[in-house]
There are 2 protein chains.
Amino acid sequence: MVLTVTLNAALDITYRTPALVPHGSHHVTEVSERPGGKGLNVARVLAALGHETVVTGFAGGRTGDVVRELLDGGTGTGGGTGDGTGTGPGAVFKPPVDALVPIAGSTRRTIAVVDAASGDTTQLNEPGPTISAAEWAAFLTSYDRLLGDAEAVALCGSLPPGIHVGAYGELIRRARAAGVTVLLDTSGEPLRRGIGARPDLVKPNADELAQLTGAREPLRAARDARRRGAHAVVASLGPDGVLAATPEGTWQASPPAPARGNPTGAGDSAVAGLLSALVEGLPWPDRLTRAVALSAATVLAPTAGEFDACAYEDLLARVAVTEHLPA
Amino acid sequence: MVLTVTLNAALDITYRTPALVPHGSHHVTEVSERPGGKGLNVARVLAALGHETVVTGFAGGRTGDVVRELLDGGTGTGGGTGDGTGTGPGAVFKPPVDALVPIAGSTRRTIAVVDAASGDTTQLNEPGPTISAAEWAAFLTSYDRLLGDAEAVALCGSLPPGIHVGAYGELIRRARAAGVTVLLDTSGEPLRRGIGARPDLVKPNADELAQLTGAREPLRAARDARRRGAHAVVASLGPDGVLAATPEGTWQASPPAPARGNPTGAGDSAVAGLLSALVEGLPWPDRLTRAVALSAATVLAPTAGEFDACAYEDLLARVAVTEHLPA
């Protein structure tokens, strides 16, 4: 199975309103809720691709209860909007297994207020709950046990209050000691500290990579990140696709055209694409193709964070992968 | 006891952010939650004044669970910010008794986003859950039983989807049949239809009264509302106090100076003041004094919807009541 870790899980709430006016009063016309936090998004896409997945991290309070309920039963519509024919994920969907560790604090909410007219989104993110030392210790015990059954693990997103900034380094070292392939998708100091523990793969976007290395040119920055400890770096270039610097070579993969739509969750879908191809033993160009096709199919889907299964199948044949040969 | 009815109860969530920018992303620095909906606010203030109160209406889903939990235990800080000495409410506080009727739908949330710099508030209100015919029937059965123990009942706020627009008329007729004094605090068509059922008291603000009667001049509008069926009308004039048109006479009550602060909940505190004085058998000038003092003490309190107990005691002696003699 594939394990995803979301230390700062969330309940993602989306509100539709006619238009957001500061200091005004608004009737919300539509409310939707889904489990949120990068690792939960990655797991949902992996599950939709037919992979056995387990999610861990923390959940607490009434909001944590809602997240767990939605994970368990409410994800049936969460993984693709195709018609279930052909090679679509419909036939094999099995929701991620919930191995979230309970905490005394309450899971945070995020609220996306979508203007009905423009489709533009205003985001309000609650602070995460503070994790106690005992809760972190309980998590580590559970994590070590889960690693015993995992082919790969994805460590995703921000760290909640109470978790030390070197936490991802610790989780990477434990995964490597257990012989489990480990992917890190975070930013800032947690990324910098995590890379030092030598993860198999990091997936920053161009801004995160520039912040980490000081280099704005993505290829140079990706190579710098490898020197800092990451075995492979896949940098997301937004609508232009991805750039990969790996021990086997350097590639760029691009969609046939930049996808227009809602980019929410596109990066998480790319992580799911990379991981799924990796555990299936596919070579780098196929991993990147899958990442780019899933990412673009997520931007194209009408619902934020889901992917259009038909568009995904179609895009798989149309992603262009170019190898950068050493100068 | 005093019964308050909140058919469209809510969980009121307050977020503090540096400043709300449409289409931006915001870290919420502070989150607070309290039971919301006018009738629950009225009950909290009545309880703080030492009155036995029972709340009914509807609650459902996880959000309904949170509302009930907060009503039960979390209201200890909800009723006044004084030091508990003298005649303050501290010594006698007993939280409202929860007689909310369970529903299949989920209680709505309201979100108030407060700009830390300006204190200005942006309001997002979810739609209420749809109430089924069976749920409404269950409510009526419970309501009739509760009326048996009630000295007065306050019918407060908007109607959720599924409830017919004449619902307040029905609740007023049942209260009158049971010999229970009934106050109506709503607006628009539910107010118009409710007044026809001859409630003892309505408490519109000047805008609601003008909308109902077509008359912009408050005294004329209040007298018109009496002709439409209300035995007494107390019109809230915002920072200028209240105007009362009653069978015993017509009065205006004003605070010593317009209170500056957050007016959220000031109207609900006025209702609590009127009701508490009414069940204590006090004459109209004392009822109005209490309404104005509580309302101003709510505006002055640092937390939205609470009242400053010391300011309340101080204001009681300083509200000016003037009788309008017939011309």
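This is a predicted model, so every value here is computed, not measured.

**Examining the overall build of chain A**
On a plain count of helices and strands, chain A comes out with ten helices and 16 strands. The C-alpha radius of gyration of chain A comes to 19 Å, within 12% of the 20 Å expected for a compact globule of 327 residues. Taken along the three principal axes of its C-alpha coordinates, chain A extends 60 × 45 × 40 Å. Burial statistics for chain A: of 327 residues in total, 56% are counted as buried. Across chain A, every contact between residues at least 6 apart in sequence was considered, and the portion connecting residues at least 24 apart equals 67%. For chain A, the exposed area adds up to about 12,900 Å²; of that, 51% sits on carbon and sulfur atoms. In chain A, 27 positive and 34 negative side-chain charges are present, and the distance between their average locations comes to 7 Å.

**Points about the environment of Gly241 of chain B**
Residue and element names in this part refer to chain B. Relative to the assigned elements, Gly241 resides in the loop between strand S13 (232–236) and strand S14 (242–246). Of the residues examined, Gly241 reaches a relative accessible area of 6% and is grouped as buried. Separated by 14 residues in the primary sequence, Gly241 and Pro255 have C-alpha atoms spaced 6.1 Å apart. Beyond its immediate chain neighbours, meaning those up to four positions away, Gly241 contacts Ala235, Ser236, Ala253, Ser254, Pro255 and Val292.

**Thoughts on the relation of the copies chain A and chain B**
Turning chain A through 180° and shifting it by 0.0 Å along the axis lays it on chain B, with an RMSD of 0.0 Å. Overall, the copies show the geometry of a two-fold rotation axis. Of the residues that chain A buries at the interface, 100% are likewise interface residues in chain B, meaning the two copies contact each other through the same surface.

**Observations regarding unusual backbone geometry**
At Arg198 of chain A, a residue that is not glycine, the phi angle is positive and equals roughly 65°. The topology assignment puts Arg198 of chain A in the loop between helix H5 (188–195) and strand S12 (201–202). Under the relative-accessibility criterion, Arg198 of chain A is labelled partly exposed at 40%. The phi angle at His23 of chain B is positive, at roughly 70°, despite the residue not being glycine. The residue His23 of chain B is located in the loop between strand S2 (10–17) and strand S3 (25–27) in this model.

**Topic: the side chain of Arg109 of chain B**
Along the chain, Arg109 of chain B falls in strand S8 (residues 108–115). One polar contact links Arg109 of chain B to Glu33 of chain A, side chain to side chain, over a distance of 2.6 Å. Within polar-contact distance, the side chain of Arg109 of chain B engages the side chain of Glu126 of chain B at 2.7 Å. Among all residues touching Arg109 of chain B, those that are not within four sequence positions of it are Ile13, Tyr15, Val31 and Glu33 of chain A together with Leu11, Ile13, Thr63, Leu124, Asn125 and Glu126 of chain B.

**Description of the packing of aromatic side chains**
In this description, a pair of aromatic rings is defined by centroid distance and the angle of the planes. Applying the stated criterion across every chain, the model contains eight aromatic pairs over all chains. Ring centres 5.5 Å apart and planes at 15° place the aromatic pair Trp136 of chain A and Phe139 of chain A in the stacked group. Of this pair, Trp136 of chain A and Phe139 of chain A both sit in helix H3 (residues 133–147), three residues apart, which is roughly one turn of that helix. Assessed through its relative accessible area of 0%, Phe139 of chain A is described here as buried. Taken together, a centroid distance of 5.6 Å and an interplanar angle of 20° make the contact between Phe139 of chain B and Tyr143 of chain B stacked. Of the two residues, Phe139 of chain B and Tyr143 of chain B both sit in helix H3 (residues 133–147), four residues apart, roughly one turn of that helix. Like Phe139 of chain B, the residue Tyr143 of chain B is buried in the burial classification. Ring-pair connections join several aromatic residues into one group, and the members of that group are Phe58, Trp136, Phe139 and Tyr143 of chain A. If you follow Arg287 of chain B out to its NZ or CZ, it ends over the ring of Trp284 of chain B, 4.5 Å from the centre.

**Notes on the UniProt feature "domain: Carbohydrate kinase PfkB" (unreviewed entry) in chain A**
All names here are of chain A. Within this structure's numbering, the places UniProt gives as "domain: Carbohydrate kinase PfkB" (unreviewed entry) are residues 9–72 and 101–305. Secondary structure content for residues 9–72 is 36% helix and 41% strand, and the end C-alpha separation is 15 Å. The span residues 101–305 shows a helical share of 40% and a strand share of 21%, and its end C-alpha atoms are spaced 24 Å apart.

Conventions adopted
Residues numbered from 1 in each chain as written. Chains lettered and ligands numbered in written order. Predicted model: local features only at pLDDT ≥ 70, side-chain atom pairs only at ≥ 80, totals over all residues. Heavy atoms only, no water. Helix = DSSP H or I, 4+ residues; strand = E, 2+ residues; numbered from the N terminus. Rg over C-alpha atoms; globule rule 2.2 N^0.38 Å. Buried < 20%, exposed > 50% of the residue type's maximum accessible area, 1.4 Å probe, protein only. Contact = heavy atoms within 4.5 Å. Areas by Shrake-Rupley, 256 points an atom, 1.4 Å probe, with all protein chains shown as cover. Lys, Arg positive; Asp, Glu negative; His and termini not counted. Charge placed at Lys NZ, Arg CZ, Asp CG, Glu CD. Least-squares fit on C-alpha atoms with pLDDT ≥ 70 in both. Polar contact = N/O pair within 3.5 Å; in protein donor to acceptor, adjacent residues only side chain to side chain. Phe/Tyr/Trp six-rings, centres within 6.5 Å; stacked < 30°, edge-to-face > 60°. Lys NZ or Arg CZ within 6 Å of the ring centre and 35° of its normal. UniProt positions renumbered as here; feature names shortened; annotations may be inferred.

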